[in-house]
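Chains, contacts and geometry: an overview
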Amino acid sequence: MGLSPSDHVLLFPFPAKGHIKPFLSLAHLLCNAGLPVTFLNTHHNHRHIHDLTRLAAQPPSLHFESISDGLPPDQPRNVLDGKLYESMHQVTKSLFRQLLISYNNGTSSTRPPITCLITDVIFRFPMDLSEELGIPVFCFSTFSARFLFLFFWIPKLLEDGQIPYPVGNSNQELHGIPGGEGILRCKDLSGFWSVEAVAKRDPLKFVNQTLATSKSCGIILNTFNELEAAFVTSLSKPPRSVVFISFGSLVKLTSSQLMEFWNGLVNSGKAFVLVLRSDGLIEEAGEEDKKQKELVIREIMDTKAEGRWEIVNWAPQEEGLGHEAIGGFLTHSGWNWGSYDLLAPYWRPTQ
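Residues numbered from 1 in each chain as written. Predicted model: local features only at pLDDT ≥ 70, side-chain atom pairs only at ≥ 80, totals over all residues. Heavy atoms only, no water.

Observations regarding the overall build of the protein
Helices and strands together make up the secondary structure of the protein, namely 14 helices and 10 strands. Put simply, 70% of the contacts in the protein that link residues at least 6 apart link residues at least 24 apart. When the accessible surface of the protein is totalled, it reaches about 19100 Å², and 55% of it is carbon and sulfur. (Helix = DSSP H or I, 4+ residues; strand = E, 2+ residues; numbered from the N terminus. Contact = heavy atoms within 4.5 Å. Areas by Shrake-Rupley, 256 points an atom, 1.4 Å probe, with all protein chains shown as cover.)

Structural notes on the pattern of salt bridges
Pairs can form between side chains of opposite charge once their charged atoms are near each other. Per the stated rule, a full pass over the model turns up 6 salt bridges. Between arginine 185 and glutamate 173 there is a salt bridge whose closest N-O contact spans 4.0 Å. Here arginine 185, found in the loop between helix H7 (154-160) and helix H8 (195-200), pairs with glutamate 173, found in the loop between H7 and H8; they are 12 residues apart in sequence, far enough to count as distant. (Salt bridge = Lys/Arg side-chain N within 4 Å of Asp/Glu carboxyl O.)

So, the packing of aromatic side chains
For any two aromatic rings, the description comes down to two numbers: the centre-to-centre distance and the angle of the planes. Within this structure, the stated rule accounts for 16 aromatic pairs. Seen in terms of ring centroids, phenylalanine 96 and phenylalanine 125 are 6.2 Å apart; in terms of plane orientation they differ by 75°. Their pairing is edge-to-face. Separated by 29 residues along the polypeptide, phenylalanine 96 in helix H4 (residues 83-104) and phenylalanine 125 in helix H5 (residues 125-133) bring together distant segments of the chain. Classification of phenylalanine 96 by relative accessible area gives buried; the value is 0%. On the accessibility criterion, phenylalanine 125 (3% relative accessible area) is buried. Members of the aromatic cluster, connected to one another through ring pairs, are Phe12, Phe14, Tyr85, Phe96, Phe123 and Phe125. (Phe/Tyr/Trp six-rings, centres within 6.5 Å; stacked < 30°, edge-to-face > 60°. Buried < 20%, exposed > 50% of the residue type's maximum accessible area, 1.4 Å probe, protein only.)

Notes on H5
All buried positions along H5 are accounted for by Phe125, Pro126, Met127, Leu129 and Ser130. Residues of H5 that are buried sit in contact with strand E1 (9-12), H4, strand E4 (116-120), strand E5 (137-141) and helix H9 (204-211).

Focus: empty space enclosed by the protein
With a probe scaled to a water molecule rolled over the atoms, the places where space remains empty come into view. Scanning all chains against the criterion turns up 1 cavity of 30 Å³ or more. Computed from the structure, the largest cavity encloses a volume of approximately 90 Å³. Looking at the largest cavity, the residues that line it are Ser246, Phe247, Gly248, Val251, Leu253, Leu258, Val275, Leu276, Arg277, Gly280 and Leu281. (1 Å grid on protein atoms, 1.4 Å probe; cavity = no way out; pocket = protein on both sides within 12 Å on 5 of 7 lines; lining within 4 Å. Points joined across faces, edges and corners; volume = space filled by probe spheres on them.)

Considering the sheet that holds strand E10 (residues 326-331)
Pairing between sheet strands relies on hydrogen bonds along the backbone, with the strands arranged either parallel or antiparallel. Taken together, 4 strands build an open sheet; the order of strands is E9-E8-E7-E10 and the sheet is parallel. The two strands at the open ends of the sheet, each matched to only one other strand, are strand E9 (309-312) and E10. Going across the sheet, the axis of each strand differs from the next one's by a mean of 15°, ignoring polarity. Relative to strand E8 (residues 271-275), strand E7 (residues 242-246) runs parallel, the two sharing 5 bridges. Bridging across to E8, isoleucine 245 finds its partner in leucine 274. Helix-sheet contacts for helix H11 (residues 255-268) involve E7, E8, E9 and E10, and the interaxial angle to E8 is about 155°. (Pairing = 2+ DSSP bridges. Axes fitted to C-alpha atoms, helices over the stretch in contact; angles between N-to-C directions.)

With respect to H9
Taken as a whole, H9 has its buried residues at Val207, Gln209 and Thr210. On an axial view of H9, the arc spanned by its buried residues comes to 155°, and they lie on one face. For H9, the secondary structure elements touched by its buried residues are H4, H5, helix H6 (145-151) and H7. (Arc of directions from axis to C-beta.)

Quick look at the sheet that holds strand E3 (residues 62-67)
Reading across the sheet, the 6 strands line up as E3-E2-E1-E4-E5-E6 and stay open at both edges, with parallel pairing between neighbours. On the outer flanks of this sheet lie E3 and strand E6 (219-221), each paired with one strand and no other. Neighbour to neighbour, the strand axes of the sheet diverge by 25° on average, direction disregarded. Taken together, the 6 bridges between strand E2 (residues 37-42) and E3 define a ladder with parallel strand orientation. For leucine 40, the partnering residue across the bridge sits in E3 and is glutamate 65. Strands E1, E2, E3, E4, E5 and E6 of the sheet are contacted by helix H1 (residues 17-32), whose axis makes an angle of about 165° with E2.

As structure tokens, this is what we get:
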């Protein structure tokens, strides 16, 4: 996705100092590129920024907004106890939705509508809301590429029984992680994965929020190749390694046909993107057929992805096929798939 001076970018960092500072640096880079930027902070952290007027004046196109984090003003903000996450999901989520709507219907200010959102990689609800409102979203990882890379391997480590690890075994080596043999140990994992720590609080909720970054338009990394080249490469799919599957705008499959395709794709071991329309399955008569359809969809959605596939109900086909990571195209052989995609800016199927 290319940005132009007519775009308006909203930055929304997780409310911790170590996340706010890199987001401010990113805001300055975007402003220096000629983009209007709105920096959204929580009320609590907004009050602690000194000389806000001078900070905002450095790049003239930088604007500040603040929003409640859902906690009382006098309550400590401990990012490790989980209370801030819960309050932001319960309170801030609806406020954030109202803010986006107010900007994009012209009732917020003289600022233009939000055309791009850059949120923190550990936030999930901004991604869900941006998808609902049709605003492209990118995720910014303020920590190292290695730290982020390990998040995507947590489900596999759990499945293999390598975690949770016994208390006192933090130096135990981790196996099966590309580029990590002989290097990575349990203590290098993101979160707290000892048996004792997991018994007190389930860290998988935090991991699942980060895994949702696969739904974003892309990930912005706060790193450099000289230090983390191996892990940066591991977070991008290799060229010609992903299969793009789309059956066009009219073709429908029976439940058994879809299941056969699905098993073949999963068992192939290849990464893939499946465009599965909401009306893509044939409506057959009978209660049993309806139950079968529901079971197939549930099985597909519940199958562990391990970061290998993505299911969407619509995709910009020409843009997707033009990506260097795409190495194959499975389609119904319709002749006008390209011309259909040209309609995308003007007509998108009902979600």
